[in-house]
Amino acid sequence: MKKLLKSIPFLLVVMMLAVVVSACGKSSKVDVGIVLPTKDEPRWVQDEQRFKDALKDTKYSVEILFSQGSSAKEKENVDSLIAKGIKVLIICPQDGDAAAAAVEAAQKAGIKVISYDRLITKTDAVNYYVTFDSIAVGKAQAQYLVDHAKGNGQPLYLYAGAASDNNAFLFFQGAWTVLQPKIADGTFKIANSSEAVALKDTAELSRDQQSKIISQVTTNWDANEAKNKAQTHLTAASADQKGDVAILAPNDGTARSIADVFGSDSAISSYVVSGQDAEKASIQYIIDGKQSMTVFKDVRSLVKDSIGMAVSILENKTPETTGSYNNGKIDVQAKQTEVITVDKENVKASLIDSKYYEEKEFTGL
Ligand code: BGC
């Protein structure tokens, strides 16, 4: 008893400290929280910069956090933003399904959730979705391969994004609608996916069928994994699967490493390879003739739309939307931005003239 009495003042001090600490936490108030997947890919560092540029003059306080490829870190980030009193969460999930828990916690705290670029799936805790037309991205990639096809029976190598990212399905779906008729008519011959070969006569793939192909040719959005896969494919390829080839690469990071592998195989006489994101390194590759095209997704529009939505929410207005996407649980109201095909021919007009990049950032333009 004596011991307990003695410890009471100490306990009181600890309790008071706890109150002070939590009050401090609350006082660093943030209106809008932004959570992006990783700093390891230039795409998302670019989004951060575009957010910073766009937010320079805002009266609202905004905090941007990165999840570094981990859904656990993402949940921690969201929890810390909830504790700071955010009203709106703009989040690009690392893994669409896994992010449900994080946004459900936000919803419980009365926060409105905007899914950014990638859709958060299988939960009703998503209020809005701001995105590019991802089916159109896949179609543009595939159309480029079709437009530059050489002769008949040209070997076609397929690669995809991460299966944990709903976009990987949309990109592949778009690409398949354009490629499949050209596989059926003999223009292309699939060289690296037995699952795709088995489905070559199916014009519209179900999610399960897409999943079968994607799990076989996934890069996991990882440049190294893409490189290893490409090496394995070329090692296994027969002579008639080399020569002039076409390659569906899902984004710029993977396109560059796949292009490096194909470019250093002496039995590959030429390759056409797709990409997406208009990353600076890929623009240089396009100028140098090492990557054929990219799909330019003007991040400035996405940033503008998501901030516009957040401000509408903060001002108790209803954000403007243009359609909806089903996330496996609900239809999420969405605002969509168009995309542009970029190759050597229009790189200057689309990226320099639009002030997306500066000419001096590249050589040989
Ligand atoms: C994005 C792409 C990006 C990829 C890998 C996708 O969800 O839409 O722009 O290249 O993720 O990070």
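- Per an unreviewed UniProt entry, the protein chain goes by the name Sugar ABC transporter substrate-binding protein and belongs to Paenibacillus anaericanus.
- Recorded in UniProt under Subcellular location (unreviewed entry), the annotation for the protein chain is "Cell envelope".

## Here's the deal with the overall build of the protein chain
- What the protein chain contains, in helices and strands, is 13 helices and 13 strands.
- Taken over the C-alpha atoms alone, the protein chain extends approximately 90 × 50 × 35 Å along its principal axes.
- Buried residues in the protein chain amount to 51% of all 365 residues.
- Of the contacts formed within the protein chain by residues at least 6 apart in sequence, a portion of 71% connects residues at least 24 apart.
- Entry remark: accessible area of the protein chain is about 16500 Å², with carbon and sulfur atoms responsible for 53%.
- Across the protein chain, the mean location of the 42 positive side-chain charges is 8 Å away from that of the 46 negative side-chain charges.

## Points about unusual backbone geometry
- In this model, Ala-278 sits at a positive phi of 50°, which is unusual for a non-glycine residue.
- Structurally, Ala-278 is set in the loop between β9 (268–273) and α11 (280–287).
- Note on Ala-278: relative accessible area 0%, which makes it buried.
- Of note, the phi angle at Lys-355 is positive, near 65°, even though the residue is not glycine.
- Here Lys-355 is to be found in the segment after α13 (347–352).

## Things to note about the pairing of strand β6 (residues 154–158)
- A large share of β6 lies buried, amounting to five of its five residues.
- Strand direction decides the pairing type here: β6 and strand β7 (residues 188–190), joined by three bridges, are parallel. Bridge pairing links Leu-156 to Ile-190 in β7.
- Tracing the backbone out of β6, into helix α6 (residues 166–184) and back to the parallel element β7 gives a crossover that is right-handed.
- In the sheet, β6 pairs with strand β8 (residues 243–248) via three bridges, with the strands oriented parallel. Residue pairing for β8: Leu-156 is matched across the bridge by Ala-246.

## Details of the site of the ligand
- Neighbouring the ligand are 13 residues; Glu-41, Arg-43, Asp-117, Asp-165 and Asp-277 lie closest to it.
- The contact in question runs from an oxygen atom of the ligand to an N or O atom on the side chain of Glu-41, over 2.5 Å.
- Residues of the shell around the ligand, tallied by class, amount to three nonpolar, three polar and seven charged.
- Here the shell around the ligand spans two domains, since at least three of its residues come from each of domain 1 (32–133 + 299–337) and domain 2 (134–297 + 342–361).

## Examining the side chain of Glu-279
- Inspection of the secondary structure assignment puts Glu-279 in the loop between β9 and α11.
- Given a relative accessible area of 3%, Glu-279 falls into the buried group.
- Sequence-distant contacts of Glu-279, defined by excluding residues within four places in its chain, comprise Pro-42, Arg-43, Asp-252, Gly-253, Arg-256 and Tyr-357.

## Details of the environment of Gly-253
- Relative to the elements of secondary structure, Gly-253 occurs in helix α10 (residues 252–263).
- With a relative accessible area of 18%, Gly-253 lands in the buried category.
- For Gly-253 and Asn-77, which are 176 residues apart along the polypeptide, the C-alpha to C-alpha distance reads 26 Å.

The rules we used
Residues numbered from 1 in each chain as written. Predicted model: local features only at pLDDT ≥ 70, side-chain atom pairs only at ≥ 80, totals over all residues. Heavy atoms only, no water. UniProt positions renumbered as here; feature names shortened; annotations may be inferred. Helix = DSSP H or I, 4+ residues; strand = E, 2+ residues; numbered from the N terminus. Buried < 20%, exposed > 50% of the residue type's maximum accessible area, 1.4 Å probe, protein only. Contact = heavy atoms within 4.5 Å. Areas by Shrake-Rupley, 256 points an atom, 1.4 Å probe, with all protein chains shown as cover. Lys, Arg positive; Asp, Glu negative; His and termini not counted. Charge placed at Lys NZ, Arg CZ, Asp CG, Glu CD. Pairing = 2+ DSSP bridges. Right-handed = clockwise from strand over helix to strand, strands pointing away. Near = heavy atom within 4 Å. Polar contact = N/O pair within 3.5 Å; in protein donor to acceptor, adjacent residues only side chain to side chain. Nonpolar A, V, L, I, M, F, W, Y, C, P; charged D, E, K, R; others polar. Domains from an automatic or database assignment.

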